[in-house]
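Structural features, examined
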Amino acid sequence: QKEVEQDPGPLSVPEGAIVSLNCTYSNSAFQYFMWYRQYSRKGPELLMYTYSSGNKEDGRFTAQVDKSSKYISLFIRDSQPSDSATYLCATRDNYGQNFVFGPGTRLSVLP
Amino acid sequence: DAGITQSPRHKVTETGTPVTLRCHQTENHRYMYWYRQDPGHGLRLIHYSYGVKDTDKGEVSDGYSVSRSKTEDFLLTLESATSSQTSVYFCALRGGGEQANTGELFFGEGSRLTVL
């Protein structure tokens, strides 16, 4: 079992839709949770970062962590064609130096 | 912009040849990482460094070596390249300073390596 699982998609939605992206993880020691966005042929860029359980909102983006079920979510409201990218979830424990990544979900937002 | 430069950005080489990828930073970050990215696998850690001359292995370190002789440069070497090492390689820095416990990784633009 991989430490972080993520549906690779691709996921296609119409412009304006609400998008839900999800990951599951297996290691209960993970405390830090991140979402990265990666455009084609570019490096990943940090989108959202949360510590432990709870929600965090930034504009159209909301990150949600449920540690009891080991479930990580990213919601995108009013999706735009510029949101078309691959979204990677990532986790880390308190002391480790390794950030463990999911394989990424490719999202296409159609105008 | 975390001031990360990777070189070369693209390289085609033949099986059995040595290859060195360079990661250069301008912001004095302590932690530097090398990842490879392959379809279906996502980003996998090869090696990381926590200071000058201080390095450790990641989950896919076989066939790779690293060196960090100064803070700003982290080199990844494939001693004898194989076709299975065809991949996109990303260098990353950990943000937040030495004492910070934040989660940011800042990535370079990637080095696309093809081994024929």
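To keep things clear, this report deals only with the structure shown in the data block. (Residues numbered from 1 in each chain as written. Chains lettered and ligands numbered in written order. Predicted model: local features only at pLDDT ≥ 70, side-chain atom pairs only at ≥ 80, totals over all residues. Heavy atoms only, no water.)

So, on to the overall build of chain A. Across its full length, chain A holds zero helices and eleven strands. In chain A, the order of α-helices and β-strands from amino to carboxyl end is β-β-β-β-β-β-β-β-β-β-β. Against the globule reference of 13 Å for 111 residues, chain A gives a C-alpha radius of gyration of 13 Å, in line with a compact fold. Along the first, second and third principal axes, the C-alpha set of chain A runs to 40 × 25 × 20 Å. For chain A, the residues scored as buried account for 45% of the 111 residues in total. Contacts spanning at least 24 positions in sequence make up 54% of the contacts within chain A whose residues lie at least 6 apart. With the model as given, the accessible surface of chain A reaches about 5,200 Å², and the carbon-plus-sulfur share is 48%. A distance of 5 Å separates the average location of the 11 positive side-chain charges in chain A from that of its 11 negative side-chain charges. (Helix = DSSP H or I, 4+ residues; strand = E, 2+ residues; numbered from the N terminus. Rg over C-alpha atoms; globule rule 2.2 N^0.38 Å. Buried < 20%, exposed > 50% of the residue type's maximum accessible area, 1.4 Å probe, protein only. Contact = heavy atoms within 4.5 Å. Areas by Shrake-Rupley, 256 points an atom, 1.4 Å probe, with all protein chains shown as cover. Lys, Arg positive; Asp, Glu negative; His and termini not counted. Charge placed at Lys NZ, Arg CZ, Asp CG, Glu CD.)

Right, let's talk about the packing of aromatic side chains for a bit. In total, this model carries 15 aromatic pairs over all chains according to the counting rule given. With centroids separated by 5.6 Å and ring planes inclined at 55°, the aromatic side chains of Y36 of chain A and F101 of chain A adopt a geometry described as tilted. Of this pair, Y36 of chain A sits in strand β4 (residues 30–38) while F101 of chain A is found in strand β10 (residues 100–101), placing the two residues 65 residues apart along the sequence. Residue Y36 of chain A shares its accessibility class with F101 of chain A, and that shared class is buried. With 6.2 Å between their ring centres and 45° between their planes, Y48 of chain B and Y50 of chain B make a pair best called tilted. Following the ring pairs from residue to residue traces out a cluster consisting of Y36, F99 and F101 of chain A together with Y33, Y35, Y48, Y50, F90 and F107 of chain B. R92 of chain A extends its terminal NZ or CZ atom over the ring of Y32 of chain A, reaching a point 4.6 Å from the ring centre. For the cation-ring pair, R94 of chain B lies above Y31 of chain B, with the distance from its terminal atom to the ring centre recorded as 4.7 Å. (Phe/Tyr/Trp six-rings, centres within 6.5 Å; stacked < 30°, edge-to-face > 60°. Lys NZ or Arg CZ within 6 Å of the ring centre and 35° of its normal.)

Before going further, it helps to examine the pairing of strand β9 (residues 87–94) of chain B. All names here are of chain B. With eight of eight residues buried, β9 is to be regarded as a mostly interior element. Where burial is concerned, the two faces of β9 agree: the one with S87, Y89, C91 and L93 and the one with V88, F90, A92 and R94 are both buried. Taken together, the six bridges between strand β4 (residues 32–38) and β9 define a ladder with antiparallel strand orientation. When the bridges of β9 are listed, R36 appears paired with Y89. Pairing of β9 with strand β11 (residues 111–115) involves three bridges; the strand directions are antiparallel. Looking at β11, one finds that Y89 is bridged to S111. Judged from the three bridges that link them, β9 and strand β10 (residues 105–107) form a sheet pairing that is antiparallel. Looking at the pairing, L93 lines up with F106 of β10. (Pairing = 2+ DSSP bridges.)

Turning to unusual backbone geometry, a few remarks are in order. Between G9 of chain A and P10 of chain A the backbone carries a cis peptide bond, its omega angle lying at 5°. With respect to the helices, strands and loops of the structure, P10 of chain A is situated in the loop between β1 (4–6) and β2 (11–14). Geometrically, the link from S7 of chain B to P8 of chain B is a cis peptide bond, its omega value of -10° lying close to zero. In this structure, P8 of chain B sits in the loop between β1 (4–7) and β2 (10–13). We note that R41 of chain A has phi near 65°; this positive angle belongs to a residue other than glycine. Although it is not a glycine, D78 of chain A sits at a positive phi angle of roughly 45°.

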